[in-house]
Amino acid sequence: MIFNKLYKQANGVVDLIERTLGTRSNLIITYFNQHCFNVYNSNQEYKNLIDNSFIVFLDGIGIYLTLKLFGYKNVQRFSASDLNGEIFQHFSEQQIPIFLIGGKFSDDFVREKAKNRNLNVVGYYNGFFKEQNLDLVAERIKQSSARVIIVGMGVPEQEILASKIISLVEVDLVLCVGGFLNFYFESIKRAPKFIRNLGLEWTYRLFKEPARLWKRYLIGIPIFLYNIFKEYLKYKSEIRN
């Protein structure tokens, strides 16, 4: 079961990254939320990557409640964006050289925002390049001497890209962050903290970006609940037997 391999404590992920930096271990890490679970059940390539190639941590209230339902202990509720903020703070303090992939920013925008955040960004490529440019991106990463690659795209595109990049370059870490770069660079505003504390950040995002996110939440959440219900019945049946 995918839930067995999830990191369930935020500090466990931070500790892992701190141990990894400087090892050239080509570790790849991503998050796993309600939307990811739906993709996991419908996209075999993504499923294989999550099962076999990635370190994965829980993200959001949907997966947190699911883990509690299935009886997992010592589960912490946290969001990928909050955890990524903590990780980026560590990168800033240690001046870790980072290559960013994702979004549709200008080089000047990234340079200025990185400078304001004291983030050591040694290269940037937007998230809309074509497959045939992958070798070019890999070469730019090599020339940059980056130790960490951040991939901020949609699921499963970012995981598929991360798995390809990791086979072409040697770095400490590739971290998939979804839309976090938009929040970090403040091109998109996050929900107020009280909404996030209630576990309702998804409602704020849906309100702000209905055309892009309505299907993920208004259709995706019922699909998620249905898939979880099936898994729970299977889980209870295995316990009884």
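Residues numbered from 1 in each chain as written. Predicted model: local features only at pLDDT ≥ 70, side-chain atom pairs only at ≥ 80, totals over all residues. Heavy atoms only, no water.

What follows is about the overall build of the protein. If you tally the helices and strands in the protein, you get 13 helices and six strands. Compactness check: the protein gives a C-alpha radius of gyration of 18 Å against a globular reference of 18 Å for 241 residues, within 12% of the reference. For the protein, with 241 residues in total, the buried portion stands at 49%. Considering only residue pairs separated by 6 or more positions, the protein has 74% of its internal contacts joining residues 24 or more positions apart. Summed over its atoms, the accessible surface of the protein is roughly 12300 Å², and 51% of this surface lies on carbon and sulfur atoms. Each charge class in the protein was averaged separately, 31 positive and 23 negative side chains, and the resulting centres sit 6 Å apart. (Helix = DSSP H or I, 4+ residues; strand = E, 2+ residues; numbered from the N terminus. Rg over C-alpha atoms; globule rule 2.2 N^0.38 Å. Buried < 20%, exposed > 50% of the residue type's maximum accessible area, 1.4 Å probe, protein only. Contact = heavy atoms within 4.5 Å. Areas by Shrake-Rupley, 256 points an atom, 1.4 Å probe, with all protein chains shown as cover. Lys, Arg positive; Asp, Glu negative; His and termini not counted. Charge placed at Lys NZ, Arg CZ, Asp CG, Glu CD.)

The subject of this paragraph is the sheet that holds strand 2 (residues 55–58). Spatially, six strands are ordered 2-1-6-5-3-4 in an open sheet, and the strand pairing comes out parallel. With partners counted over all chains shown, the strands left at the sheet margins are strand 2 and strand 4 (121–125), one partner each. Taken over all neighbouring pairs, the strand axes of this sheet differ in orientation by 20° on average, direction set aside. Here four bridges tie strand 5 (residues 148–152) to strand 6 (residues 173–176), and the two strands are oriented parallel to one another. What sits directly across from Ile149, in strand 6, is Val174. (Pairing = 2+ DSSP bridges. Axes fitted to C-alpha atoms, helices over the stretch in contact; angles between N-to-C directions.)

The next subject is the packing of helix 2 (residues 10–20) against helix 6 (residues 80–94). As a packed pair, helix 2 and helix 6 sit with axes 10 Å apart at the nearest point and diverge in direction by 30°. Relative to helix 6, the element helix 2 is oriented roughly parallel. When the axes of helix 2 and helix 6 are compared, the crossing they make is right-handed. Residue-level inspection shows Ala10, Val13, Val14, Ile17 and Glu18 of helix 2 in contact with helix 6, the latter providing Leu83, Glu86, Ile87, His90 and Phe91. When grouped by side-chain class, the residues that make up the contact of helix 2 with helix 6 number seven nonpolar, one polar and two charged. (Parallel < 35°, antiparallel > 145°, perpendicular 65-115°, else oblique. Left-handed = near helix turned anticlockwise from the far one by under 90°. Nonpolar A, V, L, I, M, F, W, Y, C, P; charged D, E, K, R; others polar.)

On to the pairing of strand 3 (residues 98–102), then. With five of five residues buried, strand 3 is to be regarded as a mostly interior element. Here strand 3 shows a buried face lined by Ile98, Leu100 and Gly102 and a second buried face lined by Phe99 and Ile101. At this point the chain moves from strand 3, through helix 7 (residues 107–116), to the parallel strand 4, and the crossover so formed is right-handed. Where strand 3 and strand 5 come together, five bridges link them in parallel fashion. Its bridge partner lying in strand 5, Leu100 is registered against Ile150. (Right-handed = clockwise from strand over helix to strand, strands pointing away.)

With that settled, the discussion passes to the pattern of salt bridges. Throughout the structure, instances matching the rule amount to seven salt bridges. We note a salt bridge from Glu186 to Lys113, for which the minimum N-O separation is 3.9 Å. In this pair, Glu186 sits in the loop between helix 10 (180–184) and helix 11 (193–197) while Lys113 sits in helix 7, placing the two residues 73 residues apart along the sequence. What makes Lys113 partly exposed here is its relative accessible area of 22%. The closest approach of N and O atoms between Arg147 and Asp172, which form a salt bridge, is 3.0 Å. Linking Arg147 in the loop between helix 8 (134–144) and strand 5 with Asp172 in the loop between helix 9 (157–165) and strand 6, this pair joins segments that are 25 residues apart in sequence. (Salt bridge = Lys/Arg side-chain N within 4 Å of Asp/Glu carboxyl O.)

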